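# Examining the three-dimensional arrangement
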Amino acid sequence: FTTLSNDATLSDLALSPGTHDLHFLPLVQGGYGASVPNDTTSVTVTATVAQPNATVTFFVVKGDGTRVPSANPIALNVGPNGIVIQVKAQDPFFFREYSVTVTRAAAVPTVTEPTSASIAITSATLGGTVTGDGGATVSTRGVVVVPSLGMLDPRLGGAGVTTFAATAGGTGGFTVDATLLTPGTAYSYAAYATNSAGTSYSATGTFTTPVTYTRE
């Protein structure tokens with residue numbers, strides 16, 4: 001007669017790549033968390049069983065709270081990723097589940113080439129296209145403009161830079177009305193977009209406002 005072990009605990013729990021101190025305790029089953037940069041697209045969970053005959057199964061928690069079995073390494077979405085490690089003892093009647101939340105950071109948005117149209121003496125219609133939100137909501141977007149002699153690559157808050165914000169964030173194409181420009185002036189401009197990860201810019205474009213003149 002063989003007595004099957006009912007030990008369904010882990011002796012250690014670790015994540016890779018990176019160094020993550022989970023402060024793991026074998027009898028504490030939840031509350032573990034780690035953060036990874038955006039370029040980390042998956043993690044490997046190393047779950048060390050206390051009893052060699054115990055088995056481990058991994059699950060990922062979906063947005064609706066349900067969970068599905070997962071291979072290991074585990075693919076990560078941007079934002080929080082719930083992972084459940086189920087340990088079954090040699091006696092399958094006994095099991096224990098540990099939970100870890102791995103939060104993958106968002107990336108900055110992707111903004112394509114700037115656009116310009118309807119260039120007048122003191123105004124122009126400028127814009128750009130946000131082709132990707134980086135996994136986080138684009139809260140603001142717009143165009144930054146500066147006289148070309150002042151700064152070749154305009155940035156928010158830069159010296160002499162004027163910001164023309166779009167009426168709403170989000171992805172896709174947008175335009176703004178750049179006003180109060182100086183006649184006969186060369187300008188550099190770039191489209192920008194901001195999310196929780198930061199601000200990104202398109203390539204820099206240029207345009208020149210016409211010169212006013214008086215016909216005699």
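Small disclaimer: the values here were computed from a predicted structure and weren't measured.

The subject of this paragraph is the side chain of S202. Mapped onto the secondary structure, S202 falls in the loop between strand 16 (198-201) and strand 17 (205-208). Contact partners of S202, with chain neighbours within four places excluded, come to V111, T112, E113, P114, A190 and A191.

The next thing to look at is the packing of aromatic side chains. Inspection of every chain in the model, using the stated rule, returns five aromatic pairs. When the centroid spacing of 5.6 Å and the interplanar angle of 50 degrees are considered together, the rings of F24 and Y98 count as tilted. Of the two residues, F24 is situated in the loop between strand 1 (10-16) and strand 2 (32-36) and Y98 in strand 8 (residues 95-104); the sequence distance between them amounts to 74 residues. Across the pair, Y98 and F24 agree in class, each one buried. Following the ring pairs from residue to residue traces out a cluster consisting of F24, Y32 and Y98. In this structure, R67 packs its charged tip against the face of F59, placed 4.9 Å from the ring centre.

This part takes up the pairing of strand 16. Side-chain direction in a regular strand flips from residue to residue, so the side chains alternate between the two faces of the sheet. Where strand 15 (residues 186-195) meets strand 16, four bridges bridge the pair, whose relative direction is antiparallel. Bridge assignment links A193 to a residue of strand 16, and that residue is S200. Following strand 15, the chain reverses through two residues before pairing antiparallel with strand 16.

On to the layout of surface pockets. The volume enclosed by the largest pocket comes to roughly 170 Å³. Lining the largest pocket we find V60, V61, K62, G63, A75, N77, P80, N81 and G82. Sorting elements by how many residues they give to the lining of the largest pocket places strand 7 (residues 79-88) first, with three residues. Residue composition of the lining of the largest pocket, by class: four nonpolar, four polar and one charged.

Positionally, R155 belongs in the loop between strand 12 (140-147) and strand 13 (162-165). Residues R155 and T199 lie 44 residues apart in sequence; the distance between their C-alpha atoms is 9.6 Å.

What counts, and at which threshold
- Residues numbered from 1 in each chain as written.
- Predicted model: local features only at pLDDT ≥ 70, side-chain atom pairs only at ≥ 80, totals over all residues.
- Heavy atoms only, no water.
- Helix = DSSP H or I, 4+ residues; strand = E, 2+ residues; numbered from the N terminus.
- Contact = heavy atoms within 4.5 Å.
- Phe/Tyr/Trp six-rings, centres within 6.5 Å; stacked < 30°, edge-to-face > 60°.
- Buried < 20%, exposed > 50% of the residue type's maximum accessible area, 1.4 Å probe, protein only.
- Lys NZ or Arg CZ within 6 Å of the ring centre and 35° of its normal.
- Pairing = 2+ DSSP bridges.
- 1 Å grid on protein atoms, 1.4 Å probe; cavity = no way out; pocket = protein on both sides within 12 Å on 5 of 7 lines; lining within 4 Å.
- Points joined across faces, edges and corners; volume = space filled by probe spheres on them.
- Nonpolar A, V, L, I, M, F, W, Y, C, P; charged D, E, K, R; others polar.

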